[in-house]
Amino acid sequence: MRLISGLKNTPSRLAILSVLEKGKYPLDALQVYKAVKNNTDLATVYRTLETFSENGLVDKFDLEEGKYRYEIKKKHHHHLVCEACGRIEDIFSNDVFALEKEIKSKYEFLVKRHALEFFGLCRSCQK
Ligand SMILES: [Zn+2]
Ligand SMILES: [Zn+2]
């Protein structure tokens with residue numbers, strides 16, 4: 001099991017990290033809570049997810065659901081969210097960095113971060 005550097009490796013933290021590592025798409029706190037089968041309570045899950053996010057272990061996404069989703073840190077990417085079946089897929093593209101460069105040169109605006117997700121219909125929901 002992977003250990004968390006810079007943080008105390010409590011059993012619930014390790015269990016939550018392991019759930020996030022196995023996650024195929026970003027999970028919300030309730031999904032993490034249900035997957036962690038020991039005696040962790042929901043408040044601890046919320047707090048731990050925030051701690052992980054602050055420490056750069058996970059990325060936090062707002063997919064316009066009125067809650068956050070958390071995903072283990074990986075290569076910079078965005079999501080395709082199907083509004084019919086709820087499927088969430090990762091997409092990897094460098095075009096957004098080109099856009100940031102353009103914004104910098106054209107508008108002299110220093111971009112520090114961006115939030116970009118795509119909403120629509122997945123392949124099977126279009127049929
Ligand atoms: Zn991005
Ligand atoms: Zn779908």
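Details of the structure are given in the entry above.
**Quick word on the nonpolar core**
The biggest cluster of nonpolar side chains holds 19 residues, and the ones touching the most others in it are Ile4, Ile16, Leu20, Val32, Leu49 and Phe52. Looking at this core, the elements that each hand over two or more residues are α1 (11–22), α2 (29–35), α3 (42–54) and β2 (68–72). No other element matches α1, which puts six residues into this core. Here Leu20 is in contact with Val32, Leu49, Phe52, Val58, Tyr70 and Ile72, once residues within four sequence places are set aside.

**Some details on the sheet that holds strand β4 (residues 88–91)**
Read from one edge of the open sheet, three strands run β4-β3-β5, paired in mixed fashion. Edge strands, defined here as strands with exactly one partner in the open sheet, are β4 and β5 (117–120). Adjacent strand axes in the sheet meet at a mean angle of 20 degrees, parallel and antiparallel pairs treated alike. Across four bridges, the pairing between strand β3 (residues 78–82) and β4 is antiparallel.

**Quick look at the pattern of salt bridges**
Per the counting criterion, the structure on display carries eight salt bridges. One salt bridge in this structure joins Asp28 and Lys67, with 2.6 Å as the shortest N-O distance. With Asp28 in the loop between α1 and α2 and Lys67 in the loop between β1 (58–62) and β2, this residue pair connects regions lying 39 residues apart in the sequence. With a relative accessible area of 34%, Lys67 lands in the partly exposed category. Taking the shortest distance from any N to any O, the salt bridge between Glu89 and Arg87 comes out at 3.5 Å. By sharing partners, the salt bridges in this structure join Glu71, Lys74 and Asp90 into a single network.

**Remarks on the coordination of the zinc ion (ligand 2)**
Surrounding the zinc ion (ligand 2) are the protein donor atoms Cys82 (SG), Cys85 (SG), Cys122 (SG) and Cys125 (SG), at 2.2 to 2.4 Å. Viewed at the metal, the four donor atoms of the zinc ion (ligand 2) are separated by angles of 102 to 118 degrees, and the geometry they form is tetrahedral. Site description for the zinc ion (ligand 2): donor spacing in sequence, C-x2-C-x36-C-x2-C. Of this pair, Cys85 sits in the loop between β3 and β4 while Cys125 sits in the segment after β5, and the two are 40 residues apart along the sequence.

**Looking at the packing of α1 against α3**
Between α1 and α3, the least distance of the axes is 10 Å, while the angle of their chain directions is 70 degrees. When the interaxial angle is binned, α1 and α3 end up roughly perpendicular. In contact with Ser12, Arg13, Ile16, Leu17 and Leu20 of α1, α3 contributes Thr44, Val45, Thr48, Leu49, Thr51 and Phe52. Looking at the contact of α1 with α3 residue by residue, the class counts come to six nonpolar, four polar and one charged.

**Regarding unusual backbone geometry**
Even without glycine at this site, Glu64 takes up a positive phi of about 55 degrees. The exposed category is assigned to Glu64, whose relative accessible area is 66%. The phi dihedral of Glu108 is positive, around 50 degrees, even though this residue is not glycine. Topologically, Glu108 is positioned in the loop between α4 (95–107) and β5. Its relative accessible area of 73% is what places Glu108 among the exposed residues.

The rules behind each value
Residues numbered from 1 in each chain as written. Chains lettered and ligands numbered in written order. Predicted model: local features only at pLDDT ≥ 70, side-chain atom pairs only at ≥ 80, totals over all residues. Heavy atoms only, no water. Core = buried A, V, L, I, M, F, W, Y, C linked by side-chain atoms within 4.5 Å. Buried < 20%, exposed > 50% of the residue type's maximum accessible area, 1.4 Å probe, protein only. Helix = DSSP H or I, 4+ residues; strand = E, 2+ residues; numbered from the N terminus. Contact = heavy atoms within 4.5 Å. Pairing = 2+ DSSP bridges. Axes fitted to C-alpha atoms, helices over the stretch in contact; angles between N-to-C directions. Salt bridge = Lys/Arg side-chain N within 4 Å of Asp/Glu carboxyl O. Donors = N, O, S within 2.8 Å, 3.2 Å for Na, K, Ca; no water. Tetrahedral: all angles 85-135°; square planar, octahedral: opposite > 155°, others 65-115°. Parallel < 35°, antiparallel > 145°, perpendicular 65-115°, else oblique. Nonpolar A, V, L, I, M, F, W, Y, C, P; charged D, E, K, R; others polar.

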